[in-house]
Amino acid sequence: MVNVGIIGAGHSGLQLGFALLQDGDKVTIYSDKRPEDFAGSRLPSSNSVFSRGLDRERELGLNFWEGQKPLIDHTFVRIGDGSGATVVAFDGRFARHGQAIDQRLKFATWLQEFENRGGTVVYGAVGADDLEDIASDHDLTVIAAGKGDITRLFEVDETRLTYRAPQRRILMLSVLDAEHPSPDGVLYNILPGVGEAFGIPMLMANGVAYTWVLEAVPGGPMDRFSGIDSSEAAFDTAMGIFRDFFPWEVERHAQARIADANAWLTGGVPPMVRRPVLTLTSGRQLMGIADVVVLNDPCTGQGANSASEAADIIHRAIRENSDGTFDAEWMEQTFEKFWAYAQWPTLFTNALMGQWPEHAVQLLGAAAELEEIGHRFSGAFNDPRDLPNFFFDPESARRFTESAVHRAKSRTAMTAQFANSLT
Ligand SMILES: Cc1cc2nc3c(=O)[nH]c(=O)nc-3n(C[C@H](O)[C@H](O)[C@H](O)COP(=O)(O)OP(=O)(O)OC[C@H]3O[C@@H](n4cnc5c(N)ncnc54)[C@H](O)[C@@H]3O)c2cc1C
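Just so it is clear, the structure is predicted and the values come from calculations on it, not from any experiment. Every chain begins its residue count from 1, and numbering advances along the sequence as written. In keeping with the model being predicted, local features are shown solely for residues with a pLDDT of at least 70 and side-chain atom pairs are shown and tallied solely at 80 or more, while totals for entire chains, interfaces and linings include all residues.

Thoughts on the overall build of the protein chain
Cut-off, in case you're wondering: Helical segments are the DSSP runs of H or I of at least four residues, strand segments are the runs of E of at least two, and each set is numbered from the N terminus. The reference for a compact globule is 2.2 Å times residues^0.38; the radius of gyration itself is calculated from the C-alpha atoms. Around each residue's C-beta, the other C-beta atoms within 10 Å are counted; 20 or more make the residue buried, 12 or fewer make it exposed, and counts in between make it partly exposed. All C-beta atoms are placed from the backbone.
Secondary structure summary: the protein chain contains 10 helices and 17 strands in total. Here the C-alpha atoms of the protein chain give a radius of gyration of 22 Å, agreeing with the 22 Å that 2.2 N^0.38 yields for 423 residues. Judged by the C-alpha coordinates and their principal axes, the protein chain covers about 75 × 50 × 45 Å. Within the protein chain, the proportion of its 423 residues that are buried is 45%.

Thoughts on the site of the ligand
To keep it simple, the criterion reads: Each residue gets a C-beta atom placed from its backbone. If that atom is within 6 Å of a molecule or strand, the residue is near it. When residue character is reported, Ala, Val, Leu, Ile, Met, Phe, Trp, Tyr, Cys and Pro are called nonpolar, Asp, Glu, Lys and Arg charged, and the others, Gly included, polar. How far each domain reaches was decided by an automatic or database domain assignment.
Taken together, 37 residues lie around the ligand, and Gly-8, Gly-10, Gly-146, Gly-148 and Gly-303 are the ones closest in. Listing elements by their share of the shell around the ligand, those giving two or more residues are helix H1 (11–22), strand E2 (26–31), strand E8 (169–176) and helix H6 (303–320). For the shell around the ligand, the element with the most residues is H6, which contributes four residues. Looking at the shell around the ligand residue by residue, the class counts come to 18 nonpolar, 16 polar and three charged. When residues of the shell around the ligand are sorted by domain, at least three fall in each of domain 1 (3–64 + 103–163 + 271–352) and domain 2 (169–267).

Examining helix H9 (residues 371–382)
What counts is decided by this rule: Here the expected span of a helix is defined as 1.5 Å times the quantity of residues minus one. Contacts are defined on C-beta atoms placed from the backbone: any two residues whose C-beta positions lie within 7 Å are in contact.
The first and last C-alpha atoms of H9 sit 18 Å apart over 12 residues, in line with the 16 Å expected at 1.5 Å per residue. Extensive coverage of H9 is indicated by the burial of 10 of its 12 residues. Taken residue by residue, H9 has Ile-373, Gly-374, His-375, Arg-376, Phe-377, Ser-378, Gly-379, Ala-380, Phe-381 and Asn-382 as its buried positions. As for H9, its buried residues are in contact with helix H2 (51–59), strand E4 (71–80), strand E5 (86–100), helix H8 (358–366) and helix H10 (394–421).

Structural notes on the sheet that holds strand E1 (residues 3–7)
So the rule is basically this: A pair of strands is considered paired only if DSSP assigns at least 2 bridges between the two. Fitted lines through C-alpha atoms serve as axes, helices being fitted only where they are in contact, and the angles separating the N-to-C directions of these axes extend from 0 to 180 degrees.
A sheet is described by the order of its strands in space; here six strands give the open sequence E6-E2-E1-E7-E16-E15, paired in mixed fashion. Edge strands, defined here as strands with exactly one partner in the open sheet, are strand E6 (120–123) and strand E15 (277–279). Ignoring strand direction, the axes of neighbouring strands in this sheet form an average angle of 25 degrees. Pairing geometry for E1 and strand E7 (residues 140–143), over four bridges, is parallel.

Some points on unusual backbone geometry
With omega at 10 degrees, the peptide bond leading from Lys-69 into Pro-70 counts as cis. Inspection of the secondary structure puts Pro-70 in the loop between H2 and E4. For the peptide bond that leads from Ser-182 to Pro-183, omega is -5 degrees, which places it in the cis range. As for its placement among the helices and strands, Pro-183 is situated in the loop between E8 and strand E9 (185–191). Its identity as a non-glycine residue notwithstanding, Ala-290 has a phi of 55 degrees, on the positive side.

Quick notes on the domain arrangement of the protein chain
For the protein chain, the assigned domains read domain 1 (3–64 + 103–163 + 271–352), domain 2 (169–267) and domain 3 (358–421). For domain 2 and domain 3, the distance between their C-alpha centroids amounts to 30 Å.

Examining H1
The end-to-end C-alpha distance of H1 is 17 Å, a good match for the 16 Å that 12 residues give at a rise of 1.5 Å each. Burial analysis of H1 places 10 of its 12 residues in the buried class, the great majority of the element. Buried within H1 are the following residues: His-11, Ser-12, Gly-13, Leu-14, Gln-15, Leu-16, Gly-17, Phe-18, Ala-19 and Leu-20. Against E1, E2, H2, helix H3 (103–116), E7 and H6 lie the buried residues of H1. Gly-24 lies just past H1 and shows a positive phi near 95 degrees.

Concerning the nonpolar core
The condition that has to hold: Residues of type Ala, Val, Leu, Ile, Met, Phe, Trp, Tyr and Cys that are buried and joined through C-beta atoms within 7 Å form what is called a nonpolar core.
Counting residues in each nonpolar core, the largest one holds 114 residues, and the members touching the most others are Val-142, Ala-144, Leu-173 and Trp-212. At eight residues, helix H7 (residues 328–353) tops the list of elements feeding residues into this core.

Quick notes on the environment of Ala-380
Mapped onto the fold, Ala-380 is located in helix H9. When the 22 C-beta atoms within 10 Å are taken as the criterion, Ala-380 is described as buried. Ala-380 sits 14 residues away from Ala-366 along the chain, and the two C-alpha atoms are 17 Å apart.

Printed below as a string of structure tokens:
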């Protein structure tokens, strides 16, 4: 039995906590929020979790909202030309659905459940001065504090950073009573050089929402978020953005209203990669996981999915560690296993933040004609390790497009031949 301390009751901390508890380990989670605190807190995320993440939640019996709508079955991509028209529009299907649950509801439920299953929770924000005591109480202490201030104690890994400042200014808000397509999915609107508007269908405590993440290129015409100080102002600004940049989203919101007074957020996410080991004065070492060590802009909806991946990788590494020594070498090796995954969502996010290469524009441009491209692109949100096979470089994009064209032609020819031979 391993005795593990986890600082932070968010996606990675809770998932890891449940996995260890299931194995019979002793787990203590240090949480700055009680379950009842989440309801009155700010909406932190649009939280689209794709099927690989949902599978892990099922394995741990955390799928309290199994099958409840809205489900994420599709990605509806529209690239605008700036005059209100779209130059590219296609729809990609997920092989298996994803789901977004308001993180406030999800984490409050999970945290309560963690205590019900025998886990220990210590309430209160952990400060730097608490770390020696916490680390001395456990065989392994992980810091899963997301974007909390405590993460700054970890050293920045300059070698793995592409950007050093937020590449977008963000307004996120959840709206009820908007029109949803059936089947439902991510509305993924792009205006090159100006910004993006991603709508994630989300289950909230008070209904079915679209949670919009509006991402403005700093200093550009969509960068209108600095004075927002209320849910009403957030809602009005979002509707103005739709009118001015994504007019095809206006009608959907004819009856829409903000989901609750805290269902909005403004800010920016500075991309970050940190070294995974924090060494205290005593020489004790703690390990950072998920957003603490790899933080990306939310434009590709990868953070919670990567947090799920991180929890899974660390859980397996703890099980495989036969001598029970969790030293810096083990932490570094375990982080490298996570980075082997996390480099791909990081590259994906950085690619969509920057100037799109010509081959990527052409590939997605062809998706309107060739539906396999849309499906493959959607699938990459669920598993971004597929991107180097068809998206990141011109050669793989060309090979994939050619083979997709070939398959489409063969399918059409076979269907025609079969139809002709029907009697
Ligand atoms: C606008 C926006 C939209 C997003 N949309 C998506 C999306 O659609 N899909 C997706 O996959 N990801 C999305 N993300 C990212 C995703 O929510 C995070 O990457 C994910 O929750 C990170 O998990 P984590 O375990 O690292 O940290 P978190 O889930 O953030 O949990 C950290 C927890 O630690 C607590 N904490 C912090 N400091 C302390 C302390 N000192 N002591 C005790 N507790 C502490 C925090 O309060 C929090 O509860 C979005 C992020 C943003 C900002």
